[in-house]
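Take a look at the letters that make up each chain.
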Amino acid sequence: MLAGAVAGAAFPAVATTAASVPTATAGTVPRTSGTARAGGTTHQVTIYAEALPNGLYGYGLAPGEATVPGPILEMIEGDTMEITLVNTTDQRLSIHPHGVDYDVHSDGSPLNASATEAGQTRTYVWHTREKAPSTGRMWLPGSAGYWHYHDHALGSDHGTDGIAKGLYGALIVRRKGDVLPDRQFTVVFNDMTINNLTAPDTPIFDCRLGERVEFIAIGHGNMEHTFHLHAHRWADNRTGMLEGPNDPSPAVDNKDLNPGSSFGFQVLAGEGVGPGAWMYHCHVQFHSDPMSGIFLVRNEDGTIPDHAQEAIDYFHGHHHGGHDEHEGHGG
Amino acid sequence: MLAGAVAGAAFPAVATTAASVPTATAGTVPRTSGTARAGGTTHQVTIYAEALPNGLYGYGLAPGEATVPGPILEMIEGDTMEITLVNTTDQRLSIHPHGVDYDVHSDGSPLNASATEAGQTRTYVWHTREKAPSTGRMWLPGSAGYWHYHDHALGSDHGTDGIAKGLYGALIVRRKGDVLPDRQFTVVFNDMTINNLTAPDTPIFDCRLGERVEFIAIGHGNMEHTFHLHAHRWADNRTGMLEGPNDPSPAVDNKDLNPGSSFGFQVLAGEGVGPGAWMYHCHVQFHSDPMSGIFLVRNEDGTIPDHAQEAIDYFHGHHHGGHDEHEGHGG
Amino acid sequence: MLAGAVAGAAFPAVATTAASVPTATAGTVPRTSGTARAGGTTHQVTIYAEALPNGLYGYGLAPGEATVPGPILEMIEGDTMEITLVNTTDQRLSIHPHGVDYDVHSDGSPLNASATEAGQTRTYVWHTREKAPSTGRMWLPGSAGYWHYHDHALGSDHGTDGIAKGLYGALIVRRKGDVLPDRQFTVVFNDMTINNLTAPDTPIFDCRLGERVEFIAIGHGNMEHTFHLHAHRWADNRTGMLEGPNDPSPAVDNKDLNPGSSFGFQVLAGEGVGPGAWMYHCHVQFHSDPMSGIFLVRNEDGTIPDHAQEAIDYFHGHHHGGHDEHEGHGG
């Protein structure tokens, strides 16, 4: 089973001028526990690689359900995932993971003869492990991390065309006891797009005040990027939270997100800052107009504050114009 | 009150061929303590945004005193800062902080209707907090960090023109007990400039042997950069110093400094290497000629060693030429 | 003495279509201990800077033995290295280290009049130190790190031509007790090359299953890069291994490698994934074809698995074509 499911009732639709708001999560099944269980499970997953409109490609968990990005795949250290990739397209493609263990037959690369030809099916096996003592006081790291998967074969031996056209997704490996989120959002900076979309059509990441929200940020393509989130910050370590009071990790709210890299973190939505339409965007200035979107933190009851609805309308309808400024407060 | 003031007597002028040496600190008031006090103070600050010669803009703490970069703003975790921004220009602009807490009315973005129109005044409120226990052994990070502030409205909804023209500065949030520096320098890599200057007009960061010097490095603009400092290094963590003998952070002397990111660190000037004119520069090679400057470590008595004066003269007068090499020593 | 020597019997030649496979290590002298000794030694090393065919330059430990990259130089915290640089070329050049202590006469820069003129010899002195207690619970970092050295004078005051043409190498400073590797490989991303080579002529990093292999990754030139290694990962901290079970460092298998930066790590070759021809490459997509190579993990007995030999042949002979895919396993 995928563990990428996320709790929370469905929201009323966000009132926007955009035709649709992409969702970035794999499902809405409630979680049964606040922390990650022990590992050791074998997950059997079938993933369908499909051609999409507009020349895109996507991965999906059922025929006709491919999305960009693909579903969030989750494991706990100690788990195994057996992925049967059904290539429904007329192109050679594959699935290649970061962070987990696989032998050469599951590399997903043409170099290791492990791509999937057009119309074919192939099973890839990914293993994970816990950290382990090594020499002296040193430990070998486990598999836990905010990783990702992507094509490594469509159009070139490095999957350059497949990645450009949407064949990518988030892969999370948790350590036993890691804190589980209420909602999850995958944000992929892929050349001058977010999830192959540009503003104002970029995702609205939609949640309620106080929810524990997990971002998985992934870089792809040919360009440098920096991911910035307004009014929220995280520890620049494995989880985004400090591992005790003496963890020396810096807090950041802007982080390099370059091709092939990924990171993740959890924030308590709106904590200390309130609900609102908070921007996320690439901070490279000439990217910041097309590569921006909204992290919508609703009121606790699920309603949208007036100022947030105004901001959404501004973003969608008046993106390059202006509107009357509010009066300063406390000034 | 601003806490950005830094101890130390004024130096005699550095003998250079440049007309002026920019200063990067907000003042010269001596510090009264070696470590950061407890937080909880509310600072009320008025900042003037002004047009400067050559098409630049700057922030300043009094009319007619705007600089590029703006003043160093400092808080301790638990403090609040109320900033009254006086926009003396004929352009819409704002002030947007990284790392701290603010509601949508203090976002500084046109999206949240919180820019300041030409000729207007607006108050922005920034809060900070200490780290706090969360689930399990995890802690939510506090606000402490080497952050920055910048325009988010001049010329575009992301302040692209405002940033390009100088509307940026350092924002430091300390944790109670953090070590205070003797001197501070803000260094901003902004497209192909340092603090909107190019060599040989880049700042000379001027100090004495043994002083605890704090750098706050900020990236802006459209290009990738790496900040390199000769003969000094720091821990790549929150403070630049190790949090005890088992802190796993690497030491670095070259670090990515990309748009919207910032970091800071303290070094003991010249420790183990002696006084001298030490280079700092972007290590991207085609940036390294325009984006280089001098970290001048004087003798303890404030005099400048002959070799350092020769290096400064070389930098300013013969920047693209050569001069006689010293003999090797010990060879 | 250099400590860059690495244990291990010579391998039989890898069967490839390439004329030669560059080696990245300085020697093959067996190590005598599993962990780094105490520091305090003074190393006296003579390095020859030489012109090479094809317009390249290299550093070497004996006349006529210059390589690109240069030899791995190693120290333990507390050691000193006195490097006599013999400039056998007709160009001004130098050697400039990262991470260690040196006075202005050993800066290696024209700014500090410490380059070496054509045909001349000059001695550079590098010191190292252990971490030391500072104020409060803070410690000053020691010199330990995966650093590098490079020219700072050929063709420009920043050595831009010297670096472009091959004057660079790895410099390791270990902390007493650090774990020593069985093999070492230097990988330099220098503009659109790896060690000034492009695929399929990039190095094959050659080892046996289970060996402790150390990579030293260095960035140079003008472009952004990310270093990705298939099927292996490391902790993103000083050593690549966790400093105990609560080390908060993330595990990574893809890391920014930008000009002037460096990092290193150790992996147990093939652990959990088996032998094979594992790719390493820049993950910036348009770099990934020229900037890829093979990390060859042989069987424990030194033989090459058939699938690995097939992958090597594919890489060298059919790099832009295709070959029959293996059947999926377990599917």
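Chain A is annotated in an unreviewed UniProt entry as Copper oxidase from Jiangella asiatica.

Q: I'm lost on the overall build of chain A in this one. Help?
A: Secondary structure summary: chain A contains 2 helices and 21 strands in total. For chain A, buried positions account for 63% of its 331 residues. Here the contacts in chain A between residues at least 6 apart in sequence split such that 72% fall between residues at least 24 apart.

Q: Explanation requested: the interface of chain B and chain C in the structure shown.
A: The parts lose accessible area when they come together, and the size of an interface is often stated as this lost area. Across the contact, 64 residues belong to chain B and 59 residues belong to chain C. Note on chain B versus chain C: buried area summed over both sides is about 5000 Å², and carbon and sulfur give 52% of it. Summed over the shared surface of chain B and chain C, the result is 3 salt bridges. Counting across the interface, chain B meets chain C through 31 residue pairs in polar contact (both at pLDDT 80 or more). At the level of elements, strand E15 (226-229), strand E16 (234-235), strand E17 (251-252), strand E18 (254-256), strand E20 (276-282), strand E21 (292-298) and helix H2 (306-317) of chain B are the ones that each hand at least two residues to the side of chain B that touches chain C.

Q: Help me understand the environment of Pro203(C), please; the structure alone is not making it clear to me.
A: All names here are of chain C. Relative to the assigned elements, Pro 203 resides in the loop between strand E12 (193-194) and strand E13 (204-208). With relative accessibility at 2%, the residue Pro 203 sits in the buried group. Between the alpha carbons of Pro 203 and Phe 295 there is a distance of 8.5 Å; along the sequence they are 92 residues apart.

Q: How should I be thinking about the sheet that holds strand E6 (residues 121-127) of chain B in this particular structure?
A: Sheets are built from strands that pair by backbone hydrogen bonding, the pairs being arranged parallel or antiparallel. Residues and elements named next belong to chain B. Taken together, the 4 strands give an open sheet; going across it, the order is E2-E1-E4-E6, and neighbouring strands pair in mixed fashion. Every interior strand has two partners, whereas the edge strands, strand E2 (57-60) and E6, have only one. Here the strands of the sheet are splayed against their neighbours by 25 degrees on average, with no regard to which way each runs. The pairing of strand E4 (residues 80-87) with E6 spans 7 bridges and is classified as antiparallel. Residue Val 86 lies in a different strand from E6, and its bridge partner there is Thr 121.

Q: Even after reading the chapter, I still don't get the sheet that holds strand E9 (residues 145-150) of chain C, so can you show me in this structure?
A: Residue and element names in this part refer to chain C. Sheet architecture is open: 4 strands sit in the order E3-E10-E9-E5, paired in mixed fashion. Strand pairing shows two members of the sheet lacking a second neighbour, strand E3 (73-76) and strand E5 (96-97), which therefore form its edges. Strand direction decides the pairing type here: E5 and E9, joined by 2 bridges, are antiparallel. Within E9, the residue paired with His 96 across the bridge is His 150.

Q: Can you walk me through the relation of the copies chain B and chain A in this structure?
A: The operation relating the two chain copies consists of a rotation about an axis and a shift along that axis. The two copies are related by a screw motion: chain B maps onto chain A through a turn of 120 degrees and a shift of 0.0 Å along the axis, at an RMSD of 0.0 Å. What we have between these two chains is a three-fold relation. No C-alpha of chain B approaches the rotation axis more nearly than that of Glu224(B), which lies at 4.2 Å. In this assembly, only 14% of the residues forming the interface of chain B have copies in chain A that are likewise at the interface, indicating a heterologous arrangement.

Q: I keep staring at unusual backbone geometry and nothing clicks. Help me out?
A: Glycine aside, residues mostly have negative phi angles, and peptide bonds mostly take the trans form. Omega for the bond connecting Ala199(A) with Pro200(A) falls within 30 degrees of zero, at 10 degrees, which places this linkage in the cis form. By secondary structure assignment, the location of Pro200(A) is in the loop between strand E12 (193-194) and strand E13 (204-208). One non-glycine residue, Asp191(C), lies in positive phi territory at about 50 degrees. Within the secondary structure, Asp191(C) sits in the loop between strand E11 (183-190) and E12. Even without being glycine, Ala231(C) reaches a positive phi, approximately 65 degrees.

Q: Got a minute to help me understand the domain arrangement of chain A in this structure?
A: All names here are of chain A. According to the domain assignment, chain A consists of domain 1 (16-178) and domain 2 (180-331). Tallying the contact residues gives 34 residues for domain 1 and 32 residues for domain 2. Between domain 1 and domain 2, a total of about 2600 Å² is buried, with carbon and sulfur atoms accounting for 58% of that surface. At the junction of domain 1 with domain 2, the criterion picks out 2 salt bridges. At the junction of domain 1 with domain 2, the criterion picks out 10 residue pairs in polar contact (both at pLDDT 80 or more). Elements represented by at least two residues in the side of domain 1 that touches domain 2 include exactly strand E9 (145-150), helix H1 (160-164) and strand E10 (168-174). Residue contributions to the side of domain 1 that touches domain 2 peak at 5 residues, all from E10.

Q: It is not clear to me how the pattern of salt bridges should be interpreted in this structure. Could you clarify?
A: Pairing between side chains of opposite charge can happen when their charged atoms approach one another. All names here are of chain A. Here the structure, examined in full by the defined rule, presents 39 salt bridges over all chains. The partner of Asp 79 in a salt bridge is Arg 37, and the shortest N-O contact between them spans 2.8 Å. Note that Asp 79 is positioned in the loop between strand E3 (73-76) and strand E4 (80-87) and Arg 37 in the segment before strand E1 (42-51), a separation of 42 residues in sequence.

Q: Even after reading the chapter, I still don't get helix H2 (residues 306-317) of chain A, so can you show me in this structure?
A: Because the α-helix completes a turn every 3.6 residues, residues three or four places apart line up on one side. With 12 residues, H2(A) should cover 16 Å at 1.5 Å per step; its first-to-last C-alpha distance of 16 Å lies within 8% of that length. Contact partners of the buried residues in H2(A): E13, strand E20 (276-282) and strand E21 (292-298) of chain A.

Q: Any chance you could explain the relation of the copies chain B and chain C here in plain terms?
A: At an RMSD of 0.0 Å, chain B and chain C line up after a rotation of 120 degrees and a shift of 0.0 Å along the axis. The fraction of interface residues of chain B whose copies in chain C are also interface residues is only 11%, indicating that the copies meet through different surfaces.

Q: I keep staring at the environment of Ala311(B) and nothing clicks. Help me out?
A: One can find Ala311(B) in helix H2. Taking the C-alpha atoms as reference, Ala311(B) lies 14 Å from Asp201(B); in sequence the two are 110 residues apart. Residue contacts for Ala311(B): discarding those within four places in its chain leaves Ala277(B), Ile294(B), Leu111(C) and Asn112(C).

Q: What's the story with the UniProt feature "domain: Plastocyanin-like" (unreviewed entry) in chain A in this structure? I'm lost.
A: Residue and element names in this part refer to chain A. In the numbering used here, UniProt assigns the "domain: Plastocyanin-like" (unreviewed entry) feature to residues 67-176 and 193-298. Helix and strand shares over residues 67-176 are 5% and 35% respectively, and the end C-alpha atoms of the span are 29 Å apart. End-to-end, the C-alpha atoms of residues 193-298 are 25 Å apart, and along that stretch the chain is 0% helix and 45% strand.

Q: Can you help me understand the interface of chain B and chain A in this one?
A: Across the contact, 59 residues belong to chain B and 65 residues belong to chain A. Across the chain B/chain A interface, buried area totals approximately 4900 Å², and carbon plus sulfur atoms make up 52% of it. Here Arg137(B) ties to Glu243(A) by a salt bridge, and the two come within 2.6 Å at their closest N and O atoms. Applying the counting rule to chain B against chain A returns 31 residue pairs in polar contact (both at pLDDT 80 or more). Among the elements of the structure, E6, strand E8 (139-140), strand E9 (145-150) and helix H1 (160-164) of chain B are those that each provide at least two residues to the side of chain B that touches chain A. Examining the composition of the side of chain B that touches chain A, we find that 3 residues originate from one element, E6(B), more than from any other.

Q: Would you mind going over the side chain of His225(A) with me for this structure?
A: All names here are of chain A. By the secondary structure assignment, His 225 is in the loop between strand E14 (212-220) and strand E15 (226-229). Judged by relative accessible area, His 225 falls into the buried class, the value being 0%. Sequence-distant contacts of His 225, that is, excluding residues within four places in its chain, are made with Phe 189, Asp 191, Lys 255, Asp 256, Leu 257, Asn 258, Cys 282, Val 284, His 287 and Met 291.

Q: Sorry if this is basic, but what is going on with the pairing of strand E2 (residues 57-60) of chain A here?
A: The side chains of a regular strand alternate between the sheet's two faces. Residue and element names in this part refer to chain A. Residues Tyr 57 and Tyr 59 of E2 are buried on one face, and the alternating residues Gly 58 and Gly 60, pointing to the opposite face, are buried as well. Direction of pairing for E1 relative to E2: antiparallel, over a ladder of 4 bridges. In the sheet register, Glu 50 faces E2, and the bridge partner there is Gly 58. Connecting E1 to the antiparallel partner E2 that follows it, the hairpin turn spans 5 residues, and Asn 54 within it adopts a positive phi of roughly 65 degrees.

Rules used throughout
Residues numbered from 1 in each chain as written. Chains lettered and ligands numbered in written order. Predicted model: local features only at pLDDT ≥ 70, side-chain atom pairs only at ≥ 80, totals over all residues. Heavy atoms only, no water. Helix = DSSP H or I, 4+ residues; strand = E, 2+ residues; numbered from the N terminus. Buried < 20%, exposed > 50% of the residue type's maximum accessible area, 1.4 Å probe, protein only. Contact = heavy atoms within 4.5 Å. Buried area = accessible area lost by both parts, 1.4 Å probe. Salt bridge = Lys/Arg side-chain N within 4 Å of Asp/Glu carboxyl O. Polar contact = N/O pair within 3.5 Å; in protein donor to acceptor, adjacent residues only side chain to side chain. Pairing = 2+ DSSP bridges. Axes fitted to C-alpha atoms, helices over the stretch in contact; angles between N-to-C directions. Least-squares fit on C-alpha atoms with pLDDT ≥ 70 in both. Domains from an automatic or database assignment. Expected span 1.5 Å × (residues − 1). UniProt positions renumbered as here; feature names shortened; annotations may be inferred.

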